[in-house]
Amino acid sequence: HASKGAFWKNGPSPALAIITKFRESLTAAGVTLILAPVPSKAAVYPDKLISGAAPDAVPSSVAFLEELKTTGATVVDLETLFRHEREKTPVFCATDSHWSPAGAVLAATKIAESAAAFPGLAPLLKPGTYVTAPPENFRITGDLAAAPAAAGTAPEELLLTKTGTGSASAPTPVPAATASPVIVMGDSHTMVFTDGASLGMHCQGAGLRDHLQARLGFPLIQLSNQNSGGTGARRLLNQRLQTNPAYLKDVK
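Let me begin by describing the structure that accompanies this report. (Residues numbered from 1 in each chain as written. Predicted model: local features only at pLDDT ≥ 70, side-chain atom pairs only at ≥ 80, totals over all residues. Heavy atoms only, no water.)

Glancing now at the packing of helix α5 (residues 101-116) against helix α6 (residues 208-216). Direction vectors running N to C along α5 and α6 enclose 40 degrees, while the axes themselves pass 8 Å from each other. When the axes of α5 and α6 are compared, the pair comes out oblique. The crossing of α5 and α6 is right-handed. Contacts from Ala-104, Val-105, Ala-107, Ala-108, Thr-109, Ile-111 and Ala-112 of α5 reach α6 at Leu-208, His-211, Leu-212, Arg-215 and Leu-216. Classifying every residue of the contact of α5 with α6 by side-chain character gives nine nonpolar, two polar and one charged. (Axes fitted to C-alpha atoms, helices over the stretch in contact; angles between N-to-C directions. Helix = DSSP H or I, 4+ residues; strand = E, 2+ residues; numbered from the N terminus. Parallel < 35°, antiparallel > 145°, perpendicular 65-115°, else oblique. Left-handed = near helix turned anticlockwise from the far one by under 90°. Contact = heavy atoms within 4.5 Å. Nonpolar A, V, L, I, M, F, W, Y, C, P; charged D, E, K, R; others polar.)

On to α5, then. Taking 1.5 Å of rise per residue, the 16 residues of α5 would be expected to cover 22 Å, and the 22 Å separating its terminal C-alpha atoms lies within 8% of that figure. Within α5, burial applies to Pro-101, Gly-103, Ala-104, Leu-106, Ala-107, Ala-108, Ile-111, Ala-112, Ser-114 and Ala-115. (Expected span 1.5 Å × (residues − 1). Buried < 20%, exposed > 50% of the residue type's maximum accessible area, 1.4 Å probe, protein only.)

Under the definition given, this model contains seven salt bridges. With its nearest N and O atoms 2.8 Å apart, the salt bridge here joins Asp-47 to Arg-86. One end of the pair, Asp-47, is in the loop between α2 (41-44) and α3 (62-70); the other, Arg-86, is in the loop between α4 (78-85) and α5, with 39 residues separating them in the sequence. Judged by relative accessible area, Arg-86 falls into the buried class, the value being 18%. What emerges from the salt-bridge pattern is a single network uniting Asp-47, Arg-86 and Glu-87. (Salt bridge = Lys/Arg side-chain N within 4 Å of Asp/Glu carboxyl O.)

At a minimum axis distance of 11 Å, the contact between α4 and α5 shows a crossing angle of 135 degrees. Accordingly, the angle class assigned to the pair α4 and α5 is oblique. With respect to the hand of their crossing, α4 and α5 are arranged in right-handed fashion. Note on element contacts: α5 touches α4 through Gly-103, Leu-106, Ala-107 and Lys-110, opposite Leu-78, Leu-81, Phe-82 and Glu-85. Looking at side-chain class alone, the contact of α4 with α5 contains five nonpolar, one polar and two charged residues.

Another point: the packing of aromatic side chains. With the rule as written, the count across this model stands at two aromatic pairs. Plain terms: the ring middles of Phe-82 and Phe-92 are 5.8 Å apart, the flat faces sit at 75 degrees to each other, and that makes the pair edge-to-face. Note that Phe-82 is positioned in helix α4 and Phe-92 in the loop between α4 and α5, a separation of ten residues in sequence. Under the relative-accessibility criterion, Phe-92 is labelled buried at 4%. Here a set of aromatic residues connected by ring pairs shows up, and it is made of Phe-82, Phe-92 and Trp-99. Geometry around Phe-22 places Arg-234 over its ring, the cationic atom sitting 5.9 Å from the centre. (Phe/Tyr/Trp six-rings, centres within 6.5 Å; stacked < 30°, edge-to-face > 60°. Lys NZ or Arg CZ within 6 Å of the ring centre and 35° of its normal.)

By themselves these figures say nothing about function.
Okay, structure coming up:
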């Protein structure tokens, strides 16, 4: 993926045109789309590749984000943020394809700042509704450790921050809403540390949606699909709209 060059322009299904059409359809329904593309792990940690690639060897997605902005899209640049923060804290897991718990918190914080700036959402915000526990050590063996070349890889230890209701020492995760002014859409990056170990997502209460809820102050709808990029979540939204044409009526 990282070697494909301007994937947003090239090929039979250029991303820029698809995203623009999707955003315009949401705008017509009174919904603002905030785009926060998950950075390529290789772009943030090229030096961790087997060959030890130089920092500028992996193409950046920033040019893609700038082109998105020219279409009128609201864009959150997580790649620049992650590159800046990578020396302070691991923003991706070492043994897993997903961002780390710290990466999920960084993404949630940045996305929440963007969402809170919209006048339609501002009156609904209730910061301080949920509690956040102190960081705790958490051990995982990620999906990458299952590769034959990684046989015998030791579990990695991460700092995990859970949020929810009840006691600040052990918060109870807040489940996704069936109705909310905000929908979180995406692939498994929106599920990891949120949807639990039974789905291979390690735990609950410490992922993107959890920390977005804590910052906005209310539960969010989640439309997520593993191994599907942005396509699976859009299909889920389409299914909801086919069943209920008024599904987006109260969504901001």
